[in-house]
Amino acid sequence: EVRPKNKWRPVPLATVELQKRASKYLRIGSETLMSAAEKLYNEGYITYPRTETEKFRPEFDHRQLINEFATAGGDFGAYASKLQNENG
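The following paragraphs examine the structure supplied in this document.

Looking at the packing of aromatic side chains
Under the counting rule described, the total for this entry stands at 1 aromatic pair. Considering the side-chain rings of phenylalanine 69 and phenylalanine 76, the 4.9 Å spacing of their centres and the 70° angle between planes classify their relative orientation as edge-to-face.

Structure (structure tokens):
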């Protein structure tokens, strides 16, 4: 018997959870992690790293953002393009 597979979309990591996982799995301290997160934020790859927000307002235009990211090139742009193709 084949069991159905449920694919849950991951929720964005809150800062505290990000710190826990970085410490546990990557052995990265909080200061190093937050410095890296701030750099990723400044380069536009992630949302503000010190927020605990896990939900976006309904009017947030995520498709437009993905469209803009798709032009970035490299792995990041390719991933954004894949999202566009899979989700219309």
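Brief notes about the environment of phenylalanine 69
Assignment of secondary structure puts phenylalanine 69 in helix H3 (residues 62-70). Take phenylalanine 69: its relative accessible area is 24%, and that puts it in the partly exposed class. For the pair phenylalanine 69 and tyrosine 79, spaced 10 residues apart in sequence, the C-alpha to C-alpha distance is 8.8 Å. Other than its neighbours up to four places away in sequence, phenylalanine 69 contacts Gly44, Phe76, Gly77 and Ala80.

Structural notes on helix H1 (residues 15-26)
Its 12 residues give H1 an end-to-end C-alpha distance of 15 Å, which sits within 8% of 16 Å, the value for a rise of 1.5 Å per residue. Following H1 by one or two positions, arginine 27 has its phi on the positive side, about 60°.

Details of the pattern of salt bridges
For the structure on display, the rule yields 2 salt bridges. Its salt-bridge partner being glutamate 17, residue arginine 21 comes within 3.0 Å of it at the nearest N-O pair. With arginine 21 and glutamate 17 both in helix H1 and 4 residues apart, the pair spans about one turn of that helix. Taking the relative accessible area as the measure of exposure, glutamate 17 reaches 29% and is therefore partly exposed. Residues lysine 82 and glutamate 86 are paired through a salt bridge, measuring 3.8 Å at the closest nitrogen-oxygen approach.

Focus: unusual backbone geometry
A positive phi angle is found at arginine 27, which is not glycine, with a value near 60°. Within the element layout of this structure, arginine 27 appears in the loop between H1 and helix H2 (30-42).

What to know about the packing of H1 against H2
One can describe the packing of H1 onto H2 by two numbers: an axis separation of 10 Å at closest approach and a directional angle of 120°. Taken together, the axes of H1 and H2 are oblique relative to one another. H2 is crossed by H1, and the crossing has right-handed handedness. Residue-level inspection shows Thr15, Leu18, Gln19 and Ala22 of H1 in contact with H2, the latter providing Ser30, Leu33 and Met34. In terms of residue class, the contact of H1 with H2 is made up of 4 nonpolar, 3 polar and no charged.

Topic: a nonpolar patch on the surface
Taken together, the side chains of Leu40, Tyr41, Tyr45 and Ile46 make up a nonpolar region of the molecular surface, amounting to roughly 350 Å² of accessible area. You can see isoleucine 46 is positioned in the loop between H2 and H3. Given a relative accessible area of 35%, isoleucine 46 falls into the partly exposed group.

How each quantity is defined
Residues numbered from 1 in each chain as written. Predicted model: local features only at pLDDT ≥ 70, side-chain atom pairs only at ≥ 80, totals over all residues. Heavy atoms only, no water. Phe/Tyr/Trp six-rings, centres within 6.5 Å; stacked < 30°, edge-to-face > 60°. Helix = DSSP H or I, 4+ residues; strand = E, 2+ residues; numbered from the N terminus. Buried < 20%, exposed > 50% of the residue type's maximum accessible area, 1.4 Å probe, protein only. Contact = heavy atoms within 4.5 Å. Expected span 1.5 Å × (residues − 1). Salt bridge = Lys/Arg side-chain N within 4 Å of Asp/Glu carboxyl O. Axes fitted to C-alpha atoms, helices over the stretch in contact; angles between N-to-C directions. Parallel < 35°, antiparallel > 145°, perpendicular 65-115°, else oblique. Left-handed = near helix turned anticlockwise from the far one by under 90°. Nonpolar A, V, L, I, M, F, W, Y, C, P; charged D, E, K, R; others polar. Patch = residues over 30% accessible without salt bridge, like charges linked within 9 Å, V, L, I, M, F, W, Y side chains within 5 Å. Areas by Shrake-Rupley, 256 points an atom, 1.4 Å probe, with all protein chains shown as cover.

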